Amino acid sequence: MPRIAIDPVTRIGGQLRVEVEVTDGVVSDAWSSGTAFRGLERILQGRDPRDAWLFAERICGVCSGVHALASVRAVERALGVTVPRNARLIRNILAGTRYVQDHVVGFYHRQALDWVDVTAAASADPAATSRLARSLSDWPDSSVASFQAARDRLAAAIRSGQLGPFANGYGGHPAYTLAPEAGLMVMAHYLRALDWQRTPTQITTLLGGKDPHPQAFLVGGMVLVPDWGGPRPAGSEHPQQVDRASPSALGERGLAELVGLVATVKAFVDEVYRPDVLAVAGHYRDWAATGQGIGDYLAYGEFPEDDTAQPSLLLPGGRIVKRATARTEPIDQAAIGETVAYSHYTYGGDDTASKHPFDGRTDPRYDGPPLPYATLQGAARYSWVKAPRYQGGPMEVGPLARMLVASVEGQVDVRAGLGRAFTTLEASPDLLYGTIGRTVARAIEAQVIADRLGRWLNDLRAGLAGGDLAVADLGRWDPAAWPSEARGYALGESPRGALGHWVTIRDRRIASYQVVDATTWNASPRDASGRRGALEEALVGTPVARPDQPVEILRTVHSFDPCLACAVHAVGRESGGAIAIRVRKGGAG
Ligand code: NI
Ligand code: MG
């Protein structure tokens, strides 16, 4: 039984090794290994909780800002802070823009090469490509000349031998069955998306001060000064608000600029990204049956739509058990625990125990094979990712989980988006459960959020114009007012799925801090009872035509859009796995 190791898996965030066993041409077992230790949770101990978000957001520059948001929310909950309406809206716009950018980049720059043979696309007929693109949308830049130019760029890169991101591809692999003109269309938009990224980055920079790693968060709200005339809001005299803010973003001119940028972001989603995803998914419909995984889905929910203690959410939270979509199950954060039985950590006494994040520990202990290793086979512990579990069971999180939960909960925009997709694809909802379904779900979600961005901006503008200028509540800023011990958590989402931060504050300092990221769930190793994580489970059953070119494995891995930087949340100078074996030409790109 051949073993295939892909290490490092490229076109993801962070360091991931995937090892699979292939029996009769099909994956029969799988191991997902985070190969770098980090340790942000340890770095946070002893610090001022008001500073935590600045460190926590350094967990990842791809999932930029999502850990800042989770961190301020956890501390706000601990201290009993409710943020003003304007801060909620700014946070929604910042986070929502990130989801849309991440999903678009995820499809073109991290996933497309799994489905598109670049060498075939570089010889496609530009006229046929133009006809195809014009049949799918009204995007203005679908001329023959435009696709000819894109084809010339691809062909020149291939001729020069300087392939850059297309190096080590699996050109000619039999699993690439997409028509060349569809491939050229996607690759032309791959190039276009590189430029388009500038627009969401401008939005996050205007409202966040910087990208990646926005600087405008604050425990209590945001550090942006409304430029709307009238008196300054009470409590806005904190020095950060003067020095770090972008004074024009919350003025008439700034908001008008943001409206234009959001329209540009949305047009690309409507007319390029979503049609391309559906074109690729329609062709690879057979990938609905592959990569289905455990079938238990978890979404905490995201985008608060009001300012109550239990706000309604644009994307509601809930669980779906065994793909039963008659109803969702509620979430109890007390039911979450992490085990380290197969991870390079120790809980001291009993490493088979499950620890709730309030009681969690991040004590590294490498107990894998000596470096450099050729295989993880036989290793008792094999990953720097912990194994989070809900009521003891592994869960899949991410856009697919969110779309399933939202659809069951009756979210009208999600239902409409999914319905249109199923009509276009002439497919049943079962399409969603497999490898291609995760990619479709991501595009539907990007559409729903891109549609909402403009409304959040309108709401923000209306509030400011009506004289509501508060962006932060600093009533709990002074540590003298804090209790001697306080605990808080934030259950929200990130582009890659359910994200939780848990903080315990003792004597005005962080006593403990635990993060359970989306990819911690999805790329989880086995737990104490030996159950595989979501990605491992999804890989079982995947066909592999050529063990030396395992593009099928990459398809399922990339369908989760994993981010190991987030999953492990710690810093290692060298990845242990990166010096272990590589499949020759391992990883296209
Ligand atoms: Ni990340
Ligand atoms: Mg953690």
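All of these numbers come straight from a predicted model, not from anything done at the bench.

A. Focus on the nonpolar core. Formed by 169 residues in total, the largest nonpolar core has its most connected members in Tyr108, Val440 and Ile553. Grouped together as the second largest cluster of nonpolar side chains are 13 residues, Ile336, Phe358, Val397 and Ala498 included.

B. Examining the pattern of salt bridges more closely. Taken as a whole and assessed by the stated rule, the structure comprises 40 salt bridges. When the shortest N-O distance is used, the salt bridge between Asp307 and Arg88 registers 2.6 Å. One end of the pair, Asp307, is in the loop between strand E7 (302–304) and strand E8 (313–315); the other, Arg88, is in helix H4 (residues 85–115), and 219 residues separate them in sequence. Judged by its relative accessible area of 34%, Asp307 is partly exposed. Here Arg438 ties to Glu396 by a salt bridge, and the two come within 2.7 Å at their closest N and O atoms. With Arg438 in helix H14 (residues 435–465) and Glu396 in the loop between strand E11 (387–390) and helix H12 (399–408), the pair connects residues that are 42 residues apart, well separated along the chain. Given a relative accessible area of 2%, Glu396 falls into the buried group. Within the structure, one salt-bridge network assembled from shared partners comprises Arg3, Asp7, Arg17, Glu19 and Glu21.

C. View of the packing of helix H6 (residues 126–136) against helix H7 (residues 144–160). Where H6 contacts H7, the axes come no closer than 8 Å and their chain directions differ by 120 degrees. Here H7 runs oblique to H6, going by the angle between their axes. Handedness of the crossing formed by H6 with H7: right-handed. Facing H6, whose interface residues are Pro126, Ala127, Thr129, Ser130 and Ala133, H7 presents Val144, Phe147, Gln148 and Arg151. Partitioning the contact of H6 with H7 into residue classes produces five nonpolar, three polar and one charged.

D. Spatial organisation of H6. What H6 keeps buried is the set Pro126, Ala128, Thr129, Ser130 and Ala133. Residues of H6 that are buried sit in contact with H7 and helix H8 (180–196). The opening residue of H6, the one whose side-chain oxygen lies 3.0 Å from the backbone nitrogen of Ala127, is Asp125.

E. Molecular detail of the sheet that holds strand E3 (residues 26–34). With antiparallel pairing, three strands are arranged side by side in an open sheet as E1-E2-E3. If you trace the sheet from one side to the other, it starts and ends with strand E1 (3–6) and E3, each paired once. Pairwise comparison of adjacent strand axes, ignoring direction, gives a mean angle of 15 degrees for this sheet. Lying over the sheet, helix H17 (residues 551–559) contacts E1, strand E2 (16–23) and E3, oriented at roughly 130 degrees with respect to E2.

F. Representation of the sheet that holds strand E14 (residues 509–516) within the structure. Across the sheet, three strands lie side by side as E12-E13-E14; this open sheet has antiparallel pairing. With partners counted over all chains shown, the strands left at the sheet margins are strand E12 (485–494) and E14, one partner each. When strand polarity is set aside, the average angle formed by the axes of neighbouring strands in this sheet is 15 degrees. Where strand E13 (residues 497–506) lies against E14, seven bridges are found, and the strand directions are antiparallel. Paired with Gly500 across the two strands is Val516, which belongs to E14.

G. View of the confidence of the model for the chain. Per-residue pLDDT for the chain averages 92, and the proportion of residues at 70 or more is 93%. Every residue in residues 570–589 scores below 50 in pLDDT, and together they form 60 contacts with partners more than four places removed in sequence or on other chains.

H. Looking closely at the coordination of the nickel ion (ligand 1). Within the first shell, the nickel ion (ligand 1) binds the protein through Cys60 (SG), Cys63 (SG), Cys563 (SG) and Cys566 (SG), at distances of 2.2 to 2.3 Å. Between the four donor atoms coordinating the nickel ion (ligand 1), the angles at the centre fall across 97 to 120 degrees, so the site counts as tetrahedral. Between consecutive donor residues of the nickel ion (ligand 1), the sequence gaps follow C-x2-C-x499-C-x2-C. Taken together, the positions of Cys60 in the loop between helix H2 (52–56) and helix H3 (66–79) and Cys566 in helix H18 (residues 564–568) put the pair 506 residues apart, joining distant regions of the chain. Given a relative accessible area of 3%, Cys60 falls into the buried group. When its relative accessible area of 1% is taken as the criterion, Cys566 is described as buried.

I. Molecular detail of the side chain of Ser512. You can see Ser512 is positioned in strand E14. Judged by its relative accessible area of 14%, Ser512 falls in the buried class. Each residue touching Ser512, except ones within four places of it in the same chain, is listed here: Phe358, Trp502, Val503 and Thr504.

J. Focus on the packing of aromatic side chains. Throughout the structure, instances matching the rule amount to 19 aromatic pairs. A ring pair is formed by Tyr108 and Tyr273, whose centres lie 6.3 Å apart and whose planes are at 55 degrees; its orientation type is tilted. In this pair, Tyr108 is assigned in helix H4 and Tyr273 in helix H11 (residues 252–283), connecting sequence segments 165 residues apart. Classification of Tyr108 as buried rests on a relative accessible area of 0%. The positively charged end of Arg77 is found above the aromatic ring belonging to Tyr489, 4.2 Å away from the centroid.

K. Local environment of the environment of Gly393. Note on placement: Gly393 falls in the loop between E11 and H12. Relative accessible area serves as the criterion here: at 10%, Gly393 is assigned to the buried category. For Gly393 and Ile294, which are 99 residues apart along the polypeptide, the C-alpha to C-alpha distance reads 9.7 Å. Beyond its immediate stretch of four places on either side in the chain, Gly393 contacts Trp521 and Arg531.

L. Quick peek at the side chain of Glu493. Structurally, the position occupied by Glu493 is in strand E12. At 2.7 Å, the side chain of Glu493 and the side chain of Arg402 are in polar contact. What Glu493 contacts, discounting residues up to four positions off in sequence, is Tyr99, Ala299, Tyr300, Gly301, Glu302, Arg402, Ala498 and Leu499.

M. Representation of unusual backbone geometry in the model. Across the junction of Asp7 and Pro8, the peptide omega takes the value 0 degrees, indicating a cis bond. Inspection of the secondary structure puts Pro8 in the loop between E1 and E2. Of note, the bond from Leu371 into Pro372 is cis; its omega dihedral lies within 30 degrees of zero at -10 degrees. Tracing the backbone through its elements, the reader meets Pro372 in the loop between strand E10 (336–339) and E11. Even without glycine at this site, His213 takes up a positive phi of about 60 degrees. A positive phi angle, near 50 degrees, is found at Glu426, a position not held by glycine. Mapped onto the elements of the fold, Glu426 is located in the loop between helix H13 (412–425) and H14. Note on Glu426: relative accessible area 71%, which makes it exposed.

Calculation criteria
Residues numbered from 1 in each chain as written. Chains lettered and ligands numbered in written order. Predicted model: local features only at pLDDT ≥ 70, side-chain atom pairs only at ≥ 80, totals over all residues. Heavy atoms only, no water. Core = buried A, V, L, I, M, F, W, Y, C linked by side-chain atoms within 4.5 Å. Buried < 20%, exposed > 50% of the residue type's maximum accessible area, 1.4 Å probe, protein only. Salt bridge = Lys/Arg side-chain N within 4 Å of Asp/Glu carboxyl O. Helix = DSSP H or I, 4+ residues; strand = E, 2+ residues; numbered from the N terminus. Axes fitted to C-alpha atoms, helices over the stretch in contact; angles between N-to-C directions. Parallel < 35°, antiparallel > 145°, perpendicular 65-115°, else oblique. Left-handed = near helix turned anticlockwise from the far one by under 90°. Contact = heavy atoms within 4.5 Å. Nonpolar A, V, L, I, M, F, W, Y, C, P; charged D, E, K, R; others polar. Polar contact = N/O pair within 3.5 Å; in protein donor to acceptor, adjacent residues only side chain to side chain. Pairing = 2+ DSSP bridges. pLDDT = per-residue confidence, 0-100. Donors = N, O, S within 2.8 Å, 3.2 Å for Na, K, Ca; no water. Tetrahedral: all angles 85-135°; square planar, octahedral: opposite > 155°, others 65-115°. Phe/Tyr/Trp six-rings, centres within 6.5 Å; stacked < 30°, edge-to-face > 60°. Lys NZ or Arg CZ within 6 Å of the ring centre and 35° of its normal.

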